[in-house]
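Listed below, chain by chain, are the residues.
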Amino acid sequence: MSDSFREVTSVSWFGRIKRAVGGVIFGLLLIVLMVIGLFWNEGRAVQTARSLAEGAGAVVSIDAGSVDAANDSKLVHVSGPVTADSGLSDPDFGIAAQGLRLSRDVEMYQWKEESKSETTKKLGGGEETVTTYSYSKVWDDSQIDSSDFKKPDGHQNPPMAIHSRTFQIPEGKLSAFTLDTPVLDRIEGDKDYSLSANQSAAIKAAYAGSRPLSIVDGKIYLGADTTAPALGDYRIGYELAPLGVVSIVARQAGSRFEPYQTVAGDELLLVDPGTVPADKMFAEAVSENTLITWLLRAAGLLLLTIGFALFLSPIGVILDVIPFLGSMARMGTGIIAFFLAILVGTTTIAIAWFWYRPVLAVGILAAGVVAAAVVYYLGRSRKAAAPAVVPGTGTAT
């Protein structure tokens, strides 16, 4: 038998109306927040674009082999191999490695609750919901709080005593320059770091716990049986960001790098793995800014649609006295909510363009007016040039 149970709940028509009124208030709040958010996003995009353009025009490429005081406080671009004076280690398990960053990823075998609900509308406006709760044991990288389960009895999770951690070198070297944490944090390239069986003795010696320890598929396994995990067993893997060549765009501060404050308002600190020219780094940053802008626009429009749908939701609830009418009403209010979101969202974005980019906005508007005038003029010209047909003859004059 499956480990699950069902719960049936009912809500009256008046209870649903009361809940819908609460949804109206939340929907209005969501609409206001999204209008503000869409307006802010356009300002953020413009500020970032201007900062990147300013940086691209001011950046100076330098040699990593020596520190030139003349470049102090300037925006510089430099490439070179990163080195470290010390290695990396996880003292809890005696893991040692050479690299930039060692990440410990911990999973514990524990109970997880999942729910699935089916709602049926009743004649008279009431609603009945059947919720099925199911329980299964899964590997998860965070503690699942079993006290919040609908049926906690028999599904208690043990406390998670071992957690994920990251071990990073405090500072690195790029030839004559020193790399601090803000730069090191931006260096990507973490790869799986597989443990070998010959490391087992050192790992067992460092481990202070009581659970049986073994190495399975390059990971540490804490538990009696690796083929049949028990509640509270652990699976621990590692990732390593190796030392390598990086490219940096930042403000030179002596032999260190700091974020560069632009006049436009943003702080610039770009870090890419490998040898990457400055113009390519800025081009990638511009593309990233464009992608973020469109993703936030899409998210804003989606949440606006949800906000308007909540605002209009009482209509469907009221008509649910006859379920068919309520379903038809919700379909209609859903379409209305979508078009209202498009209208309000695009209007907000247009106003933001006039606010943040008045010259560009006026230029686009003027171009649109000119294009419309040209189309109108061409249409009039063709109509005037069309030959007249003599009635009854079928011939043109």
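Anything mentioned here points back to the structure above.
Please read all numbers here as calculations on a predicted model, not as lab measurements.

Chemist: Got a minute to help me understand the overall build of the protein chain in this structure?
Modeler: Counting its secondary structure elements, the protein chain contains 6 helices and 19 strands. Taken against the 2.2 N^0.38 rule, which gives 21 Å for 397 residues, the C-alpha radius of gyration of the protein chain at 32 Å runs more than 25% over that of a compact globule. Taking the principal axes of the C-alpha coordinates as reference, the protein chain spans close to 105 × 75 × 45 Å. The buried share of the protein chain, taken over its 397 residues, is 33%. Relative to all contacts within the protein chain whose residues are 6 or more apart in sequence, the contacts with residues 24 or more apart total 69%. Surface exposure of the protein chain reaches about 22,400 Å², of which carbon and sulfur atoms provide 63%. Taken as two groups, the 33 positive and 40 negative side-chain charges of the protein chain have centres that lie 10 Å from each other.

Chemist: In this structure, what is going on with the environment of L310? I would like to understand it.
Modeler: With respect to the helices and strands, L310 occurs in helix 4 (residues 278–319). When the C-alpha positions of L310 and E128 are compared, they lie 20 Å apart, and in sequence the two are 182 residues distant. Excluding residues within four positions of it along the chain, L310 makes contact with A20, G23, V24, F26 and G27.

Chemist: Explanation requested: the layout of surface pockets in the structure shown.
Modeler: It is the rolling of a water-molecule-sized probe over the atoms that shows where space remains empty. Taken as a whole, the largest pocket spans an internal volume of roughly 520 Å³. Lining the largest pocket are 20 residues, and of these L52, L269, L270, A285 and E288 sit closest to its centre. At the level of secondary structure, the elements contributing two or more residues to the lining of the largest pocket comprise helix 1 (13–58), strand 18 (267–268), strand 19 (270–273) and helix 4. It is helix 4 that provides the largest number of residues to the lining of the largest pocket, a total of 6 residues.

Chemist: When you look at the packing of helix 1 against helix 4 in this model, what are you seeing that I'm missing?
Modeler: Helix-helix packing is characterised by the crossing angle of the two axes and by the distance between the axes. At a minimum axis distance of 7 Å, the contact between helix 1 and helix 4 shows a crossing angle of 165 degrees. Judged on the interaxial angle alone, helix 4 and helix 1 are roughly antiparallel. As for how helix 1 packs across helix 4, the hand of that crossing is left-handed. Looking at the contact of helix 1 with helix 4 residue by residue, the class counts come to 30 nonpolar, 10 polar and 4 charged.

Chemist: Which parts of the structure should I look at to understand the pattern of salt bridges?
Modeler: Pairs can form between side chains of opposite charge whenever their charged atoms are close. Tallying each qualifying case throughout the model produces 13 salt bridges. In this structure, the salt-bridge partner of E7 is K150, at a minimum N-O distance of 3.5 Å. In this pair, E7 is assigned in strand 1 (residues 4–11) and K150 in the loop between strand 7 (127–140) and strand 8 (165–168), connecting sequence segments 143 residues apart. Given a relative accessible area of 44%, K150 falls into the partly exposed group. Where R211 meets D233, a salt bridge forms, and the shortest distance between an N and an O atom there is 2.9 Å.

Chemist: So what exactly am I meant to see when it comes to the side chain of T178 here?
Modeler: Structurally, T178 can be placed in strand 10 (residues 177–179). A relative accessible area of 4% means that T178 is categorised as buried. Setting aside residues no more than four positions away along its own chain, T178 makes contact with E171, G172, K173, S255, R256 and F257.

Chemist: Explain the packing of aromatic side chains to me, please; I cannot follow it from the model alone.
Modeler: Here the structure, examined in full by the defined rule, presents 9 aromatic pairs. Seen in terms of ring centroids, F177 and F257 are 4.9 Å apart; in terms of plane orientation they differ by 25 degrees. Their pairing is stacked. With F177 in strand 10 and F257 in strand 16 (residues 256–258), this residue pair connects regions lying 80 residues apart in the sequence. Given the relative accessible area of 0%, F177 is considered buried. Among the aromatic residues, those joined into a ring-pair cluster are F39, W355 and Y356. If you follow R297 out to its NZ or CZ, it ends over the ring of W294, 4.5 Å from the centre. One residue, R357, lies across the ring of W353, its end atom 3.9 Å from the ring centre.

Chemist: Could you clarify how one ought to interpret helix 4 in this entry?
Modeler: Each turn of an α-helix holds 3.6 residues, which means side chains three or four residues apart point in the same direction. Taking 1.5 Å of rise per residue, 42 residues should cover 62 Å, and helix 4 covers 62 Å from first to last C-alpha, within 8% of that figure. L312 marks where helix 4 bends most, by close to 45 degrees; the proline P314 follows one to four residues later.

Chemist: Even after reading the chapter, I still don't get the nonpolar core, so can you show me in this structure?
Modeler: For soluble globular proteins, nonpolar side chains are generally found buried alongside one another. Counting residues in hydrophobic clusters, the biggest one holds 40 residues, and the most contacted among them are F93, L174, I220, L222, I236, I248 and F257. Where this core is concerned, the elements lending two or more residues are strand 3 (75–81), strand 5 (95–97), strand 6 (101–121), strand 10, helix 2 (181–184), strand 13 (219–222), strand 14 (234–241) and strand 15 (245–253). Of all the elements, strand 14 adds the most residues to this core, at 5 residues. Counting residues in each nonpolar core, the second largest holds 10 residues, with L75, L268, V276 and F282 among its members.

Definitions and limits used
Residues numbered from 1 in each chain as written. Predicted model: local features only at pLDDT ≥ 70, side-chain atom pairs only at ≥ 80, totals over all residues. Heavy atoms only, no water. Helix = DSSP H or I, 4+ residues; strand = E, 2+ residues; numbered from the N terminus. Rg over C-alpha atoms; globule rule 2.2 N^0.38 Å. Buried < 20%, exposed > 50% of the residue type's maximum accessible area, 1.4 Å probe, protein only. Contact = heavy atoms within 4.5 Å. Areas by Shrake-Rupley, 256 points an atom, 1.4 Å probe, with all protein chains shown as cover. Lys, Arg positive; Asp, Glu negative; His and termini not counted. Charge placed at Lys NZ, Arg CZ, Asp CG, Glu CD. 1 Å grid on protein atoms, 1.4 Å probe; cavity = no way out; pocket = protein on both sides within 12 Å on 5 of 7 lines; lining within 4 Å. Points joined across faces, edges and corners; volume = space filled by probe spheres on them. Axes fitted to C-alpha atoms, helices over the stretch in contact; angles between N-to-C directions. Parallel < 35°, antiparallel > 145°, perpendicular 65-115°, else oblique. Left-handed = near helix turned anticlockwise from the far one by under 90°. Nonpolar A, V, L, I, M, F, W, Y, C, P; charged D, E, K, R; others polar. Salt bridge = Lys/Arg side-chain N within 4 Å of Asp/Glu carboxyl O. Phe/Tyr/Trp six-rings, centres within 6.5 Å; stacked < 30°, edge-to-face > 60°. Lys NZ or Arg CZ within 6 Å of the ring centre and 35° of its normal. Expected span 1.5 Å × (residues − 1). Bend = angle between axes of the 7 residues up to and from the residue. Core = buried A, V, L, I, M, F, W, Y, C linked by side-chain atoms within 4.5 Å.

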